[in-house]
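Structure at a glance
Here is what each chain is made of, one letter per residue.
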Amino acid sequence: RELLYIAAFICICALGVGSYLYLDKLTNERTYDGLIVRAQSMAALIDPRLVKGLSASEADLDNPAYTYLKEKLMAIKEKNDDLEFIYLMGKEGNRVYFFVDSEPSDSEDYSPPGQEYEEASFELFNGWAPNEPYVLEIDEDRWGEWISALAPIVDENGETIALLGLDQDAKQHRISFYIQTGLLALA
């Protein structure tokens, strides 16, 4: 009888661990896949000619292309309240920088054109392949902890000229996971 109880206990523990791992994988896939699809959709709406017209400097503040892209990113963010930041990034040599972001210019989180992204990870530095969107799993920078989806903006020559980025607060992702695993633990 004791062996039966021990076997049942081991089976319940194994089922719990297996379910936990499955929920972790499922939650990550659902979040990451959803962000990638949205990033690709938004990137497809960005005219590469407008991005090429940016200088990534203070001069862009008077550039109609910058103003247009800024307004579009702000409007997109307004409709996607689960996203904290939407932005276009460029890369030159060992430098990753912002072209434009969705933050109002009076926000403490605003990134002016040309501001270097000093926290650029190895994955971000190397993730500029055309037509290959990707997710940076929970990543921390000076603004917080994020899950970031990045999709390339490709020019007429098939070269990546910018990345469109979407940042979702990592807390949302964790809360979703904790709720699901909490329900599993209750069961």
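Below is a short write-up of the structure. (Residues numbered from 1 in each chain as written. Predicted model: local features only at pLDDT ≥ 70, side-chain atom pairs only at ≥ 80, totals over all residues. Heavy atoms only, no water.)

Within the secondary structure, Asp-141 sits in strand 3 (residues 134-141). Although Asp-141 lies buried, it forms no salt bridge, and the closest oppositely charged side chain, Arg-142, sits 6.4 Å away as judged by the N-O distance. A polar side-chain atom of Asp-141 sits 2.9 Å from the main-chain amide nitrogen of Trp-143. Residue contacts for Asp-141: discarding those within four places in its chain leaves Tyr-117, Glu-119 and Trp-146. (Helix = DSSP H or I, 4+ residues; strand = E, 2+ residues; numbered from the N terminus. Buried < 20%, exposed > 50% of the residue type's maximum accessible area, 1.4 Å probe, protein only. Lys, Arg positive; Asp, Glu negative; His and termini not counted. Salt bridge = Lys/Arg side-chain N within 4 Å of Asp/Glu carboxyl O. Polar contact = N/O pair within 3.5 Å; in protein donor to acceptor, adjacent residues only side chain to side chain. Contact = heavy atoms within 4.5 Å.)

Time to look at the sheet that holds strand 1 (residues 83-92). Taken together, five strands build an open sheet; the order of strands is 2-1-5-4-3 and the sheet is antiparallel. The sheet is open, and its two borders are formed by strand 2 (95-101) and strand 3, each paired with just one other strand. Each neighbouring strand pair of the sheet contributes to a mean axis angle of 35°, computed without reference to strand direction. Examined bridge by bridge, strand 4 (residues 144-154) and strand 5 (residues 160-169) share nine bridges and lie antiparallel to one another. Residue Trp-146 lies in a different strand from strand 5, and its bridge partner there is Asp-169. Across the sheet, helix 3 (residues 64-79) touches strand 1, strand 2 and strand 5, and the angle it forms with strand 1 is around 145°. (Pairing = 2+ DSSP bridges. Axes fitted to C-alpha atoms, helices over the stretch in contact; angles between N-to-C directions.)

Inspection of the secondary structure puts Ile-147 in strand 4. Sequence separation between Ile-147 and Glu-137 is 10 residues, and the spatial gap between their C-alpha atoms is 5.1 Å.

Judged by side-chain polarity, Leu-3, Ile-6, Phe-9 and Ile-10 come together as a nonpolar surface patch covering roughly 470 Å² of accessible area. Relative to the elements of secondary structure, Ile-6 occurs in helix 1 (residues 2-44). You can call Ile-6 partly exposed: its relative accessible area is 46%. (Patch = residues over 30% accessible without salt bridge, like charges linked within 9 Å, V, L, I, M, F, W, Y side chains within 5 Å. Areas by Shrake-Rupley, 256 points an atom, 1.4 Å probe, with all protein chains shown as cover.)

Within the largest apolar cluster, 31 residues are counted, with the highest numbers of intra-cluster contacts made by Val-51, Leu-88, Phe-99, Ile-153 and Leu-164. If you tally residues by element for this core, the top one is helix 1, at six residues. For Val-51, the contacting residues outside a window of four places in its chain are Ile-46, Leu-69, Leu-88, Phe-99, Ile-153, Ile-161 and Ala-162. Counting residues in hydrophobic clusters, the runner-up holds 15 residues, among them Val-96, Leu-124, Tyr-134 and Leu-163. (Core = buried A, V, L, I, M, F, W, Y, C linked by side-chain atoms within 4.5 Å.)

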